[in-house]
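In case you want the letters, here they are:
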Amino acid sequence: MDMLHRMSKASADLREGLTEDAANKATPHLREMLRCVAVAITDAEGTVLSWDGGAADHYEYRGDTVTEAIGNNRKEHVEHRKLGCELQGPCSLHSAVVVPLVVEDDVAGTLIVVYGVASKRQIRMAEETARFVSTQLQLELLQKSRQALAQAESQGEPGWACLEHSASVSVGDDHHAWHTWLDVALNNGIQLQHNCGG
């Protein structure tokens, strides 16, 4: 029951979008679900939005790993012996898994899971958790688009915003652009039409 409760709480938090506040709320639940040393969430630039648990001082050693995971849109696994850790004595970080968070086919950020003891099962759990997080972020985007449409329809004859591929912010290239245009729709009561120029 505790697992289901934490999944429900994390789901609600992540529906707020990929923000520092939402990440801070979600990471404790994710860490308890995974029973790991630490869980972190970064944005698409690799900036840490939230870190819950130990070994936070080791992020400097994993910066390149996070960058590779984002750039290649693939899971990265790094072991402690490859980190260059200078800690004297036992270290709580045995291995870390970095999994991209994919929304609308774009990498929105990463999920970092730190383990004291690594196993194939734990790596699979990290991947499944990243899919869970990505799904919640996708649902948040869908909910926002529905709100924009509903608001536009409630204001009578809607205006149209035509989003061209040549626009300075390309919706197809960056999932964050969707949030920008949906905010416009919510604020001004317009519907969005992609590539309506024919």
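Computed from a predicted model, the values in this text were never measured in an experiment.

Enquirer: Describe the overall build of the chain, naming the residues involved and giving the relevant values.
Expert: Assigned secondary structure in the chain consists of 5 helices and 7 strands. Each helix and strand of the chain, placed in order from N terminus to C terminus, yields the pattern α-α-β-β-α-β-β-β-α-β-α-β. Looking at the chain residue by residue over its 198 residues, the buried ones come to 44%. Sequence separation of at least 24 residues holds for 59% of the intrachain contacts in the chain that already meet a minimum separation of 6. Surface accessibility of the chain: about 10,500 Å² in total, with carbon and sulfur atoms responsible for 48%.

Enquirer: Residues and numbers for the side chain of Gln-122, please.
Expert: Topologically, Gln-122 is positioned in helix H4 (residues 120-154). Not counting chain neighbours up to four residues away, the residues in contact with Gln-122 comprise Tyr-115 and Val-117.

Enquirer: So what's going on with the packing of helix H1 (residues 2-14) against H4? Which residues, and what values?
Expert: Closest axis-to-axis distance for the H1/H4 pair is 8 Å, and the angle between their directions is 45°. Compared by their axis directions, H1 and H4 come out oblique. You can see that H1 and H4 cross each other, and the crossing is right-handed. Packed against H1, whose contacting residues are Met-7, Ala-10, Ser-11 and Leu-14, the element H4 presents Phe-132, Val-133, Gln-136, Leu-137 and Glu-140 at the interface. A class-by-class count of the residues in the contact of H1 with H4 yields 6 nonpolar, 2 polar and 1 charged.

Enquirer: Provide a residue-level description of the side chain of Thr-65, including the pertinent values.
Expert: Following the sequence through the fold, Thr-65 ends up in helix H3 (residues 59-72). Beyond its immediate stretch of four places on either side in the chain, Thr-65 contacts Glu-76, Val-78 and Val-98.

Enquirer: Could you give an account of the nonpolar core, naming the residues involved and the relevant values?
Expert: Counting residues in hydrophobic clusters, the biggest one holds 26 residues, and the most contacted among them are Leu-30, Ile-41, Leu-101, Leu-111, Val-113, Tyr-115 and Val-133. Broken down by secondary-structure element, the contributors of at least two residues to this core are H1, helix H2 (20-34), strand E1 (38-43), strand E4 (95-103), strand E5 (106-115) and H4. Contact partners of Val-133, with chain neighbours within four places excluded, come to Leu-14, Leu-30 and Leu-101. Listed in part, the 12 residues of the second largest apolar core include Ala-38, Ile-70, Val-107 and Val-114.

Enquirer: I'd like a description of the packing of H2 against H4, backed by residues and values.
Expert: Running from amino to carboxyl end, H2 crosses H4 at an angle of 150°, the nearest separation of the two axes being 11 Å. Where H2 crosses over H4, the handedness of that crossing is right-handed. Between H2 and H4, the residues in contact are Leu-30, Met-33 and Leu-34 and Met-125, Ala-126, Thr-129, Phe-132 and Val-133, respectively. Across the contact of H2 with H4, the residue classes tally to 7 nonpolar, 1 polar and no charged.

Enquirer: Got a sec to walk through the pattern of salt bridges? Specific residues and values, please.
Expert: This structure, assessed with the given rule, holds 7 salt bridges. Across the pair Arg-74 and Glu-76 runs a salt bridge whose closest N-O atoms are separated by 3.0 Å. Since its relative accessible area comes to 47%, Arg-74 is described here as partly exposed. Shared partners join several salt bridges into a network, and the residues in it are Glu-16, Asp-21 and Lys-25.

Enquirer: An account of a nonpolar patch on the surface is requested, with residue identities and associated values reported.
Expert: On the surface, Met-3, Leu-4 and Met-7 cluster together into a nonpolar patch covering about 270 Å² of accessible area. You can see Met-3 is positioned in helix H1.

Cut-offs applied
Residues numbered from 1 in each chain as written. Predicted model: local features only at pLDDT ≥ 70, side-chain atom pairs only at ≥ 80, totals over all residues. Heavy atoms only, no water. Helix = DSSP H or I, 4+ residues; strand = E, 2+ residues; numbered from the N terminus. Buried < 20%, exposed > 50% of the residue type's maximum accessible area, 1.4 Å probe, protein only. Contact = heavy atoms within 4.5 Å. Areas by Shrake-Rupley, 256 points an atom, 1.4 Å probe, with all protein chains shown as cover. Axes fitted to C-alpha atoms, helices over the stretch in contact; angles between N-to-C directions. Parallel < 35°, antiparallel > 145°, perpendicular 65-115°, else oblique. Left-handed = near helix turned anticlockwise from the far one by under 90°. Nonpolar A, V, L, I, M, F, W, Y, C, P; charged D, E, K, R; others polar. Core = buried A, V, L, I, M, F, W, Y, C linked by side-chain atoms within 4.5 Å. Salt bridge = Lys/Arg side-chain N within 4 Å of Asp/Glu carboxyl O. Patch = residues over 30% accessible without salt bridge, like charges linked within 9 Å, V, L, I, M, F, W, Y side chains within 5 Å.

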